[in-house]
Amino acid sequence: MKILHIDENHPLLIKQLEALGFQNDEDYQAIKSEIEEKIDRYDGVIIRSRFKIDKTFIDKATNLKFIGRVGAGLESIDIEYAQKKGIQLFSAPEGNRNAVGEHALGMLLSLFNKLNTADQQVRKGAWNREENRGIELDLKTVGIIGYGNMGRAFARKLRGFDVEVICYDIKEDVENSDATQVDLEELFEKTDVLSLHTPWTPLTDKMVNASFIDNFKKPFWLINTARGKSVVTKDLVNALESGKILGAGLDVLEYEKSSFENLFTSENEMPEPLKKLLQFDNVILSPHIAGWTIESKEKLAQTIVDKIKAQFC
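A brief look at the structure comes next. Keep in mind it's a predicted model, so treat the numbers as computed, not measured. (Residues numbered from 1 in each chain as written. Predicted model: local features only at pLDDT ≥ 70, side-chain atom pairs only at ≥ 80, totals over all residues. Heavy atoms only, no water.)

**A short note on the overall build of the protein**
The condition is simple: Here a helix means four or more residues in a row that DSSP labels H or I, a strand means two or more in a row labelled E, and each is numbered from the N terminus. For the radius of gyration, the atoms used are the C-alpha atoms, and the globule rule reads 2.2 Å times the number of residues raised to 0.38. Summary of the burial criterion: residues with accessible area below 20% of their type's maximum are buried, those above 50% are exposed, and those between are partly exposed, where the area comes from a 1.4 Å probe applied to protein chains only. Only heavy atoms enter the contact rule, under which two residues are in contact if any of them lie within 4.5 Å. The method behind every accessible area is Shrake-Rupley, applied with a 1.4 Å probe, and residues are considered shielded solely by the protein chains displayed. In this tally, Lys and Arg are treated as positive and Asp and Glu as negative; His is ignored, and so are the chain termini. Each charge is placed at NZ for Lys, CZ for Arg, CG for Asp and CD for Glu.
In terms of regular secondary structure, the protein is built from 12 helices and 12 strands. For 313 residues, the compact-globule estimate of 2.2 N^0.38 gives 20 Å, and the C-alpha radius of gyration of the protein, at 21 Å, lies within 12% of that figure. Overall, the C-alpha framework of the protein stretches about 65 × 45 × 35 Å when taken along its three principal axes. Expressed as a percentage of its 313 residues, the buried residues of the protein come to 49%. Partitioning the intrachain contacts of the protein with sequence separation of at least 6 by distance along the chain shows that 61% fall at a separation of at least 24. Carbon and sulfur atoms form 48% of the exposed surface of the protein, whose accessible area is close to 15900 Å². Separation between the mean location of the 41 positive side-chain charges and that of the 50 negative ones in the protein comes to 2 Å.

As structure tokens, then:
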């Protein structure tokens, strides 16, 4: 079987696939239309997020048996159409779930202890102890929306704290010893910290908006290491201004390109809500790197190899 690699990944991916007898070709520079001209020669394709695998691409991939995405989600692929064509889809949420869990916890603890502002002040010669007095995570209720690989990994990281962990998921019976599954009403009532671990779908698009935020009975902290388009930035800014949201740790932003490699979809001026967001000291931002560790790069690749091997060897 012939596999085309469209994005660079950990070298073990190609090395192990070659050892299994697959022929591997690499093309990391060609534009989508150029890839489409030759994709009919391949049985498999390995991607991250360089471009979308849509109906046009799939129709040209007449011999394609599988698509492997070296990442957690499959939103860059027309899943329904690919499955209709009998194409197997592989993703690797198992590969970076630990990294995401650690990043979410790191953001939360940094927010609670004001580490970002304290660091900046000390570097400028200021020694403001009272201004940077933190709060403790113990005795808080952490609400998790989306209790799959990522949500479970974050809950597991919270074991060492005296916290109540609750989760909401559209699937039934997902709770385990690390979190109790609740309905949205209970989540809105109890949550002190909300952490998002959902894929991007029509259900989660713009999910965290003004009406959603207003449902919470208490002011809360927001952590988003999932997908930027799930949070309406304008409504988040308003909630930060009113105090309904006490602070936010955001690894993803509404304005990211679908490839996740750049921030904006065009060269237009920075959106006004984002300008305002950048002014808050109680907001920590990172460039979509929650699952982006040295270890996860290897584990993501290994997960895809293992899934291809299980299906085709």
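**Examining the pattern of salt bridges**
Going by this rule: The term salt bridge refers to a pairing of a side-chain nitrogen on Lys or Arg with a carboxyl oxygen on Asp or Glu at a separation within 4 Å.
Here the structure, examined in full by the defined rule, presents 17 salt bridges. In this structure, Lys307 engages Glu94 in a salt bridge whose closest nitrogen and oxygen atoms are separated by 3.2 Å. With a gap of 213 residues between them, Lys307 in helix α12 (residues 294–312) and Glu94 in helix α5 (residues 93–112) connect regions that are remote in the sequence. With its nearest N and O atoms 3.6 Å apart, the salt bridge here joins Lys206 to Asp205. Overlapping salt bridges bring together Glu164, Glu186 and Lys190 as one network.

**As for the packing of aromatic side chains**
For clarity, the threshold we go by: Pairing of aromatic rings covers Phe, Tyr and Trp, the last counted by its six-membered ring, and requires centre-to-centre distances within 6.5 Å; plane angles under 30 degrees mean stacked, over 60 mean edge-to-face, and any other angle means tilted. For a lysine, the NZ atom is tested; for an arginine, the CZ atom; a charge sits over a ring if that atom is within 6 Å of the ring centre and within 35 degrees of the ring normal.
Throughout the structure, instances matching the rule amount to nine aromatic pairs. Considering the side-chain rings of Phe51 and Phe57, the 6.0 Å spacing of their centres and the 50° angle between planes classify their relative orientation as tilted. Clustering of aromatic rings is evident, with ring pairs tying together Phe188, Phe212, Phe216 and Phe220. One cation-aromatic arrangement involves Lys2 over Tyr42; the distance from NZ or CZ to the ring centre is 5.0 Å.

**Some thoughts on the sheet that holds strand β7 (residues 164–168)**
Quick reminder of the rule: At least two DSSP bridges between two strands are needed for those strands to be called paired. Between the N-to-C directions of two axes lies an angle of 0 to 180 degrees, each axis being a line fitted to C-alpha atoms and, for a helix, fitted only over the stretch in contact.
What the seven strands build is an open sheet, ordered β8-β7-β6-β9-β10-β11-β12; its pairing is parallel. The outermost strands of the open sheet, each flanked by one partner alone, are β8 (180–181) and β12 (283–285). Strand direction decides the pairing type here: strand β9 (residues 193–196) and strand β10 (residues 220–224), joined by four bridges, are parallel. Considered in β10, the bridge of Leu194 is made with Leu222. Across the face of the sheet, helix α7 (residues 149–157) comes into contact with β6 (141–145), β7 and β9 while running at roughly 165° to β6.

**Some remarks on the packing of helix α1 (residues 12–19) against α12**
Basically, it comes down to this: Roughly parallel refers to an angle under 35 degrees, roughly antiparallel to one over 145, roughly perpendicular to one between 65 and 115, and oblique to any angle outside these ranges. Here a crossing is called left-handed whenever its near helix is offset anticlockwise from the far helix by less than a right angle, and right-handed whenever the offset is clockwise. Each residue receives one of three labels: charged for Asp, Glu, Lys and Arg, nonpolar for Ala, Val, Leu, Ile, Met, Phe, Trp, Tyr, Cys and Pro, and polar for the others, Gly being one of them.
It is at 9 Å that the axes of α1 and α12 come closest, and there the two elements cross at 25°. Here α1 lies roughly parallel to α12, going by the angle between them. The two elements α1 and α12 cross, and the hand of that crossing is right-handed. Counted together, Leu12, Leu13, Gln16 and Leu17 of α1 and Glu298, Ala301, Gln302, Ile304, Val305 and Ile308 of α12 form the full contact between these two elements. Tallied by class, residues from the contact of α1 with α12 come to seven nonpolar, two polar and one charged.

**Description of the nonpolar core**
To be explicit about the condition: Side-chain atoms within 4.5 Å link the members of a nonpolar core, which is a set of buried Ala, Val, Leu, Ile, Met, Phe, Trp, Tyr and Cys residues.
Core analysis: the biggest nonpolar cluster contains 29 residues, and Leu194, Leu196, Leu222, Leu236 and Leu277 have the highest contact counts within it. Within the residue set of this core, elements represented by two or more residues are α8 (184–190), β9, α9 (210–214), β10, α10 (233–242), β11 (245–250) and α11 (272–277). Looking at this core element by element, the count peaks at four residues for α10. Apart from residues lying up to four places away in sequence, Leu236 is in contact with Ile213, Leu222, Val231, Ile245, Ala248, Leu250 and Leu277. Of all hydrophobic cores here, the second largest spans 22 residues; its members include Ala104, Leu158, Cys167 and Ile223.

**Digging into α1**
For α1, the full list of buried residues reads Leu12, Leu13, Ile14 and Leu17. Among the structural elements, β1 (2–5), β2 (23–26), β3 (44–47) and α12 are those in contact with the buried residues of α1. Of the residues flanking the end of α1, it is Gly21, one or two places downstream, whose phi is positive at about 100°.

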